[in-house]
Protein chains: 2
Amino acid sequence: MVHNFNAGPSILPKEVFEEAAAAVLNFNNTGLSILEYGHRTAAFEAIMQEARQLMRELMALDEQHEVLFLHGGASTQFMQVPMNLLDLKDTAAYTDTGVWAAKAIKEAKLFGKPEVVCSSKDKNYTFIPKDFAVPNDAKYLHITTNNTIYGTQWKKIPVTSNSLVADMSSDILSRSMNFNVFDLIYAGAQKNIGAAGVTIVVVNKNILGKLKRNIPTMMDYRNHIAEGSMLNTPPVFAVYTCMLTLRWLKKQGGVNAIEKINNQKAALLYNEIDRNTLFKGTVAVEDRSNMNVCFVMNDANKEKAFLDYATQHQIIGIKGHRSVGGFRASLYNAMPLSSVEYLVSIMQQFEQNNPS
Amino acid sequence: MVHNFNAGPSILPKEVFEEAAAAVLNFNNTGLSILEYGHRTAAFEAIMQEARQLMRELMALDEQHEVLFLHGGASTQFMQVPMNLLDLKDTAAYTDTGVWAAKAIKEAKLFGKPEVVCSSKDKNYTFIPKDFAVPNDAKYLHITTNNTIYGTQWKKIPVTSNSLVADMSSDILSRSMNFNVFDLIYAGAQKNIGAAGVTIVVVNKNILGKLKRNIPTMMDYRNHIAEGSMLNTPPVFAVYTCMLTLRWLKKQGGVNAIEKINNQKAALLYNEIDRNTLFKGTVAVEDRSNMNVCFVMNDANKEKAFLDYATQHQIIGIKGHRSVGGFRASLYNAMPLSSVEYLVSIMQQFEQNNPS
Ligand SMILES: Cc1ncc(COP(=O)(O)O)c(C=O)c1O
Ligand SMILES: Cc1ncc(COP(=O)(O)O)c(C=O)c1O
Ligand SMILES: [Mg+2]
Ligand SMILES: [Mg+2]
Ligand SMILES: [Mg+2]
Ligand SMILES: [Mg+2]
């Protein structure tokens, strides 16, 4: 059995793979593949509807919030958010906590005046800034709730009178919070929600439609709301895998239940990193991500050997991002506790074989 | 066996379904699903590379043309094309030959000055305009090579000194032509190329980078070229099904070979529509699409009965678009001749049972 610690696209529940594969051959006993199935059919509309409803339920969204399944990846949201929320003269507050946050800031400059209210860049993004002020007139405060590359996570969502916007690509549905305090949440599906090729947007509909700008049809959230995420041909199969994954999450007991397991998994691995004489974590302890666990070796020369050892033992996807080096083990919702226990055991074996 | 005449998402080759389903369970014997497979891996890069190379080969593209696999659907290209090719004061010539063409014109207004050089709208888009002039200063001439909803097709690509841009969503790779005369071609994959969730753009790289406009990162074709369609997480599985479908097309003998079969299929069905006393075609004979065959019944009151009869006989997807009514049978590359023969036999049976 392969243990897949990829940062994304990443592991999904086994039953999702099985049901998705079955639907590629014969969807709902129609004799048709889901890949040839029309999106404007009752059966697909039911899938879209169920996916949306499961998101609403799992996030306990109120009536003001709409759930969209869009094209383009989270990277498209970097531009689509300010395009929908900022006039050219408007200010928005951005927190600079990693590569993805920085990309969001870059795109916002084309549509308004992003103001960077805090940054951990000069410490290679190894912590989450705590003290910063948000200008009153900022149309929104943008945070990246989990920084996939550096392995930091906002443990406390900032309390602010401004509108809150969050890139939750790498920790959506992994921990309980009041999702209704956000006016806009976006996330590429390919970590906690499904396969690559679809992006989730949760938006408070009251914040839309306030700009002078002419928004292109495909970029205007209101059009996607009006058409139930079927403004054009949706990525049918990607939406289907989301629906299956969300069903699975509900069966696990939802966000509260998965959060407990996620806490267990992360604690297990961080404890081993701390205990093990060969390894150390790379970020401020209080900001450690439960999703992406970044670590290095005290002796960097041993890193190649450990990577090889892990690979020989069917552990894949733990090579760190090139801007951090070392290792990153991603522990998304679908990652079983047993795989984390296994990784820990491999770290222990390696320590025994390579005393420091 | 179900005969799927859907307009899109639509039938794909059976072996594509089988290989795609197998990869969802176990991709390339890795023990991993393709849905959990990282896009920045040698194996996926090879898929992207092969898909691109197959497009180049099947279209016989020259070195100036780049092939991209993008997010967003063809509808996003309605805005992305003028965003990349027009400054606000620039003119572009658009041909108004259907609903999709009209949508392209609408988006172009946000980025430049589209000029409608011909239209068949007042005849409900039942023909392709032949006589029209393109202003010399138009940055490009935009055509929709096949009008999916109305069932018309440009049999002769206009010869013009202007740059040529084409929406080929519904007939790409279905007939031979010199694809290099186009400076930009776009197509949603979900008809002739693969599953929904990825869009193909073929662009002459020399036409890019000439604008004053600041183009958002995800909208700038140059960025996607530079990153080999991996500027952000690509829709991995959708790209994979494209690659499989393109492999299949190559095995069939490529565009020339499939064109012959497509001609046969279309001739068979149009001949029956003409011969059969109950049915008639809806568009000018010389502009009849080989991809989407639109027809109605002389007695509109019989249409429901024929649709029911066809459905009982495992024929699906032939209901016409609401703006045309009647029937539309889509005969994309993967539709076997035998299914068209079968549809014809059902039309004949219905005629015998319901003499006019
Ligand atoms: C936090 C975060 N934001 C944005 C992105 C970009 O997502 P996409 O590749 O879907 O554009 C990623 C990708 O990993 C991410 O981790
Ligand atoms: C000719 C043509 N252009 C554009 C589109 C829109 O494609 P999408 O739904 O991928 O945005 C379609 C959809 O059927 C089409 O047939
Ligand atoms: Mg990051
Ligand atoms: Mg240690
Ligand atoms: Mg049309
Ligand atoms: Mg007739």
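All values derive from a computational prediction rather than experimental measurement.

Here we take up the relation of the copies chain A and chain B. Of the two same-sequence chains, chain A is brought onto chain B (RMSD 0.0 Å, axial shift 0.0 Å) by a rotation of 180°. Taken together, these values place the two copies in the relation of a two-fold axis. Within chain A, A:Ala21 has its C-alpha nearest the rotation axis, a separation of 2.3 Å.

Counting residues in each nonpolar core, the largest one holds 128 residues, and the members touching the most others are A:Met55 and B:Met55. Aside from chain neighbours lying at most four places away, what touches B:Met55 is B:Leu61, B:Val67, B:Phe69, B:Ile172, B:Leu173, B:Ile193, B:Ile200, B:Val202 and B:Leu246. In terms of nonpolar packing, the next biggest core, distinct from the first, is built from 28 residues, B:Tyr270, B:Val293, B:Phe295 and B:Leu307 among them.

Of the residues lining the interface, 51 residues belong to chain A; the matching set on chain B comes to 51 residues. Summed over the shared surface of chain A and chain B, the number is zero salt bridges. Inspection of the chain A/chain B interface yields 12 residue pairs in polar contact (both at pLDDT 80 or more). Of all the secondary-structure elements, those providing two or more residues to the side of chain A that touches chain B are helix H1 (14-25), helix H3 (73-85), helix H4 (99-108) and helix H6 (236-252) of chain A. Take the side of chain A that touches chain B: its biggest share by element is six residues, from H1(A). Taken together, the residues of the side of chain A that touches chain B break down into 26 nonpolar, 21 polar and four charged.

Let us look at the site of ligand 2. In the vicinity of ligand 2 lie 15 residues, with A:Asn232, A:Thr233, B:Ser75, B:Thr148 and B:Asp167 positioned nearest. At 2.6 Å from an oxygen atom of ligand 2 is found a side-chain nitrogen or oxygen belonging to B:Ser75. Compared with its free state, where it exposes 390 Å², ligand 2 has 96% of that area covered by protein. No other element matches helix H3 (residues 73-85) of chain B, which puts four residues into the shell around ligand 2.

Accessible area lost during the coming together of the parts is what is often quoted as the interface size. Residues and elements named next belong to chain A. If you check the domain split of chain A, you get domain 1 (14-252) and domain 2 (253-353). Here the C-alpha centroids of domain 1 and domain 2 sit 27 Å apart. With 29 residues of domain 1 in contact, the opposing surface of domain 2 contributes 27 residues. Across the domain 1 to domain 2 interface the summed buried area is about 2,200 Å²; carbon plus sulfur atoms make up 52%. In this structure, the connection of domain 1 to domain 2 is made through one salt bridge.

Quick notes on the rules
- Residues numbered from 1 in each chain as written.
- Chains lettered and ligands numbered in written order.
- Predicted model: local features only at pLDDT ≥ 70, side-chain atom pairs only at ≥ 80, totals over all residues.
- Heavy atoms only, no water.
- Least-squares fit on C-alpha atoms with pLDDT ≥ 70 in both.
- Core = buried A, V, L, I, M, F, W, Y, C linked by side-chain atoms within 4.5 Å.
- Buried < 20%, exposed > 50% of the residue type's maximum accessible area, 1.4 Å probe, protein only.
- Contact = heavy atoms within 4.5 Å.
- Salt bridge = Lys/Arg side-chain N within 4 Å of Asp/Glu carboxyl O.
- Polar contact = N/O pair within 3.5 Å; in protein donor to acceptor, adjacent residues only side chain to side chain.
- Helix = DSSP H or I, 4+ residues; strand = E, 2+ residues; numbered from the N terminus.
- Nonpolar A, V, L, I, M, F, W, Y, C, P; charged D, E, K, R; others polar.
- Near = heavy atom within 4 Å.
- Areas by Shrake-Rupley, 256 points an atom, 1.4 Å probe, with all protein chains shown as cover.
- Domains from an automatic or database assignment.
- Buried area = accessible area lost by both parts, 1.4 Å probe.

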